[in-house]
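# Inside the fold
Read off the chains here:
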Amino acid sequence: MKLTRDKLSALLGFKGQNKSIGSEKKPIHASETPVDLIEKEKTDSPPQPADAKQANEQADITDSTQLVSEIESASDETEVETQEPSMEYEDLIVVNYTKEQLAQSEAKLAEFMSACIGAYGALISTVDGHEVAYSLKRDLPTHKISTMNSSLLALGESIAKESLQQLCQFVILENSDGRVVSLRINDILMLTCISSKSTNLGMLLSAGRNTADSLAKILR
Amino acid sequence: MKQIKFIFTGPPGAGKTTAIATISEFPPVSTDVFSTDGLAKVKEKTTVAMDFGQITLDNGQKIGLYGTPGQQRFKFMWEILVQGGLGLIVLVDNRRPEPLKDLEAYLDNFADFIDETDAVIGVTCSDIKDTPSIDDYQELLQKRGQVFPTFAIDARNKDDVLFLLNALLTCLELS
Ligand SMILES: Nc1nc2c(ncn2[C@@H]2O[C@H](COP(=O)(O)OP(=O)(O)OP(=O)(O)O)[C@@H](O)[C@H]2O)c(=O)[nH]1
Ligand SMILES: [Mg+2]
């Protein structure tokens, strides 16, 4: 073993604590306040709707299709000034698409949204949780959704493997008033479709699949 | 016997997934996908949900080994993964520009968990960059009023990772 001296000196610093495997131990949560070194926490511009009902009422108020890369390039200047000295791997997004590719993708997302009446969100993101483009009919925390669904898809794929099943085609969240469906576009991109129940599951899955296939051709 | 749960955390590329794979008695469950940001220059894949492995001690005690994603954007996974955990292993990548700041960031983010449990620190990749030294880490901890065993380890080396695990078990008086 290496650096034994270091290890021993550190060992001398052991604290003698009386700790037991408390079966009564309460669940412990990571600290509330994030400390921001690794990556700037993105504050999602629209706050997450606290109340689903309220969100329902707000449906169809906002219909925006956004290209994340454009928004981010617009705010580049201010960001650079506040950056820590390149601590964050995220500073450098290596997956770059042309404006044309992104415009075509945007059109596909809009097509999906109009094909599924119930759909109120469609997001393209990288499988490691970065936003690429999205189309929304309601305010949604797109950064958060992109990141969380990348975890979910990876877990789904991992569970499929552990269950001795092949390709994970969709991860489906069935909720009382809607569905969230995630699927791969290719090795590095994924699509998340968010819909109320006014579009049925079959329709949502097939429109989602078709959209992902078209996007795979556009975003090569 | 109840399974003990230990959590590995630390910056992307520090070796959490590697360390768990190095000592797990079964091929660990992994959720690594292609990196699409600057991390891709360091390594091809990154953990986006969790790693899960297991090791059984001589006394039959099973330890579940859970690895977190490194990036702050996956903080929601950190909060899920620490639940029911009994100890934290912070791995710090000495190659990164400011490893001491990295360490502070994880100690702060996991402060509540560490308060309830305990932590050990493994500094990886000191074969590539040998500063800061272990003394520098100890000094930082002292300034923060914290005492955690801190070692230079190679996450690819089974003895090194087991040593770290033993240190944590000793701290928790579980060994
Ligand atoms: N040279 C050297 N390489 C190391 C050492 N420890 C780990 N590595 C390598 O560093 C890399 C660590 O990668 P991972 O295990 O995926 O890191 P991780 O902490 O799980 O990263 P994320 O999942 O992205 O947060 C691997 O390629 C290891 O082989 C070390 O002490 N020296
Ligand atoms: Mg990992």
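Starting from 1, residues in each chain are numbered consecutively following that chain's sequence as written. Each chain takes a letter, starting from A, and each ligand takes a number, starting from 1, following the order in which they are written. Confidence filtering applies because this is a predicted model: local features only for residues at pLDDT of at least 70, side-chain atom pairs given and counted only at 80 or more, and all residues used for totals across whole chains, interfaces and linings. Working from all heavy atoms in the structure, the side-chain values ignore hydrogens and water.

Quick look at the sheet that holds strand β5 (residues 62-67) of chain B now. Residues and elements named next belong to chain B. Two strands pair if DSSP finds at least two bridges between them. Each helix corresponds to a stretch of at least 4 residues labelled H or I by DSSP, and each strand to a stretch of at least 2 residues labelled E; elements are numbered beginning at the N terminus. The sheet built from 6 strands is open, its strands ordered β4-β5-β1-β6-β7-β8 with mixed pairing. With partners counted over all chains shown, the strands left at the sheet margins are β4 (51-56) and β8 (150-152), one partner each. Strand-to-strand twist of the sheet, defined as the mean angle between neighbouring strand axes without regard to direction, takes the value 20°. As paired strands, β4 and β5 are joined by 6 bridges and run antiparallel to one another. Looking across to β5, one finds that Q54 is bridged to G64. Here helix α3 (residues 99-109) sits on the sheet and contacts β1 (4-9), β6 (87-93) and β7 (119-124); the angle it forms with β6, its principal contact strand, is near 160°. Working rule for contacts: check all heavy atoms of both residues, and any pair within 4.5 Å makes them a contact. Axis angles are defined between N-to-C directions and span 0 to 180 degrees, where every axis is a line fitted to C-alpha atoms and, for a helix, only to the segment in contact. Docked against the sheet, helix α5 (residues 134-143) engages β6, β7 and β8, running at close to 160° with respect to β8.

Quick look at the coordination of the magnesium ion (ligand 2) now. Each donor-metal-donor angle would ideally measure 109.5 degrees in four-coordinate tetrahedral geometry, or 90 or 180 degrees in six-coordinate octahedral geometry. Residue and element names in this part refer to chain B. Note that water is not among the atoms used; donors are N, O and S atoms within 2.8 Å of the metal (3.2 Å for Na, K and Ca), so sites may look incomplete. For the magnesium ion (ligand 2), the protein coordination sphere consists of T17 (OG1) and T47 (OG1), at 2.0 Å. Of this pair, T17 sits in helix α1 (residues 16-23) while T47 sits in strand β3 (residues 45-47); the two residues are 30 residues apart in sequence, bridging distant segments of the chain. For the exposure calls, accessible area comes from a 1.4 Å probe over protein chains only, and a residue counts as buried if that area is under 20% of its type's maximum, exposed if over 50%, partly exposed in between. Accessibility expressed as a relative area gives 22% for T17, which makes it partly exposed. On the accessibility criterion, T47 (5% relative accessible area) is buried.

All right, on to the packing of α1(B) against helix α6 (residues 158-171) of chain B then. Residues and elements named next belong to chain B. Here α1 crosses α6 at 95°, and the two axes come no closer than 9 Å. Relative to α6, α1 is oriented roughly perpendicular. Two secondary-structure elements touch here, α1 through A19, T22 and I23 and α6 through K158, V161, L162 and L165. Amino acid classes used here: Ala, Val, Leu, Ile, Met, Phe, Trp, Tyr, Cys and Pro are nonpolar; Asp, Glu, Lys and Arg are charged; the rest, including Gly, are polar. Here the contact of α1 with α6 is built from residues that sort into 5 nonpolar, 1 polar and 1 charged. Should an angle fall under 35 degrees it is called roughly parallel, over 145 degrees roughly antiparallel, and 65 to 115 degrees roughly perpendicular, with every other angle called oblique.

Quick look at the packing of helix α5 (residues 99-115) of chain A against helix α7 (residues 201-218) of chain A now. Residues and elements named next belong to chain A. The interhelical angle for the contact between α5 and α7, taken along N-to-C directions, is 170°, at an axis separation of 10 Å. Put simply, α5 runs roughly antiparallel to α7. Here Q101, Q104, S105, K108, L109, F112 and A115 of α5 come into contact with α7, specifically with M203, L204, A207, G208, T211, S214, L215 and I218. The residue inventory of the contact of α5 with α7, partitioned by class, reads 8 nonpolar, 6 polar and 1 charged.

This brings us to the site of ligand 1. Residues and elements named next belong to chain B. Residue proximity to a molecule or strand is established when one non-hydrogen atom of the residue lies within 4 Å of it. Around ligand 1, a shell composed of 22 residues is seen, among which K16, T17, T18, T46 and T47 lie nearest. Throughout this description, a polar contact denotes any pair of N or O atoms lying within 3.5 Å of each other; where both atoms belong to protein, one of them has to be capable of donating a hydrogen while the other can accept it, and for residues adjacent in sequence the pair is counted only when both atoms sit in side chains. In this structure, an oxygen atom belonging to ligand 1 sits 2.8 Å away from a side-chain N or O atom of T47. Between ligand 1 and the protein, one listed contact pairs a nitrogen atom with a backbone N or O atom of A155 at 3.3 Å. For accessible areas, the Shrake-Rupley method is used with a probe of radius 1.4 Å. Any residue's cover is judged against the shown protein chains and nothing else. Notes on ligand 1: free accessible area 670 Å², of which the protein chains cover 86%. Of all the elements, α1 adds the most residues to the shell around ligand 1, at 3 residues. Grouping the amino acids of the shell around ligand 1 by side-chain chemistry returns 8 nonpolar, 8 polar and 6 charged.

Here we come to the side chain of A:S182. Residue and element names in this part refer to chain A. Counting through the fold element by element, S182 comes out in strand β5 (residues 178-184). Within polar-contact distance, the side chain of S182 engages the side chain of T192 at 3.4 Å. Once residues within four sequence positions are removed from consideration, S182 is found in contact with N149, L153, Q169, F170, V171, M190, L191 and T192.

Given two aromatic rings, their pairing is described by the distance between the two centres and the angle made by the two planes. Residues and elements named next belong to chain B. For Phe, Tyr and Trp, rings pair up if their centres lie within 6.5 Å, where Trp contributes its six-membered ring, and each pair is then called stacked (planes under 30 degrees apart), edge-to-face (over 60) or tilted (otherwise). Scanning all chains against the criterion turns up 6 aromatic pairs over all chains. Measuring from ring centre to ring centre gives 4.9 Å for F52 and Y66, while their planes differ by 45°; the resulting arrangement is tilted. Of this pair, F52 sits in strand β4 while Y66 sits in strand β5, and the two are 14 residues apart along the sequence. Assigned by exposure class, F52 and Y66 land together as buried. Centre to centre, the rings of F74 and F76 are 6.2 Å apart; their planes meet at 50°, and the pair counts as tilted. Both residues of the pair, F74 and F76, count as buried.

Moving on, we come to α5(B). All names here are of chain B. Of all the positions in α5, only I134, Y137, L140 and L141 are classed as buried. The arc enclosing the buried residues of α5, seen along the axis, measures out at 120°, which places them on a common side. Away from its buried face, by an angle of more than 90 degrees, α5 presents the exposed residues Q142 and K143. In the segment just after α5, G145 is the residue with positive phi, at about 70°. When we speak of the arc, we mean the arc of directions from the helix axis to the C-beta atoms.

Our focus in this paragraph is the pairing of strand β4 (residues 171-175) of chain A. Residue and element names in this part refer to chain A. One ladder, built from 5 bridges, connects β4 with β5; its direction is antiparallel. Note on β5: the bridge partner recorded for V171 is S182. The antiparallel pairing of β4 with β5 creates a hairpin that spans 2 residues between the two strands.

All names here are of chain B. When a carboxyl oxygen of Asp or Glu lies within 4 Å of a side-chain nitrogen of Lys or Arg, that pair is called a salt bridge. This model, assessed by the stated rule, comprises 15 salt bridges over all chains. In this structure, K75 and E79 form a salt bridge, with 3.6 Å as the shortest nitrogen-oxygen distance. Here E79 and K75 lie together in helix α2 (residues 75-81), a separation of 4 residues that amounts to about one turn. In this structure, R156 engages D154 in a salt bridge whose closest nitrogen and oxygen atoms are separated by 2.7 Å.

Residues and elements named next belong to chain A. In plain terms, two cysteine sulfur atoms within 2.5 Å form what is called a disulfide here. Enumeration over the complete set of coordinates arrives at 0 disulfides over all chains. The thiol of C168 is unpaired, and the distance to the nearest cysteine sulfur, on C193, comes to 14 Å. With no disulfide of its own, C193 lies 7.4 Å from the sulfur of C116, the closest cysteine sulfur. Look at C193 and you get buried, because its relative accessible area is 0%.

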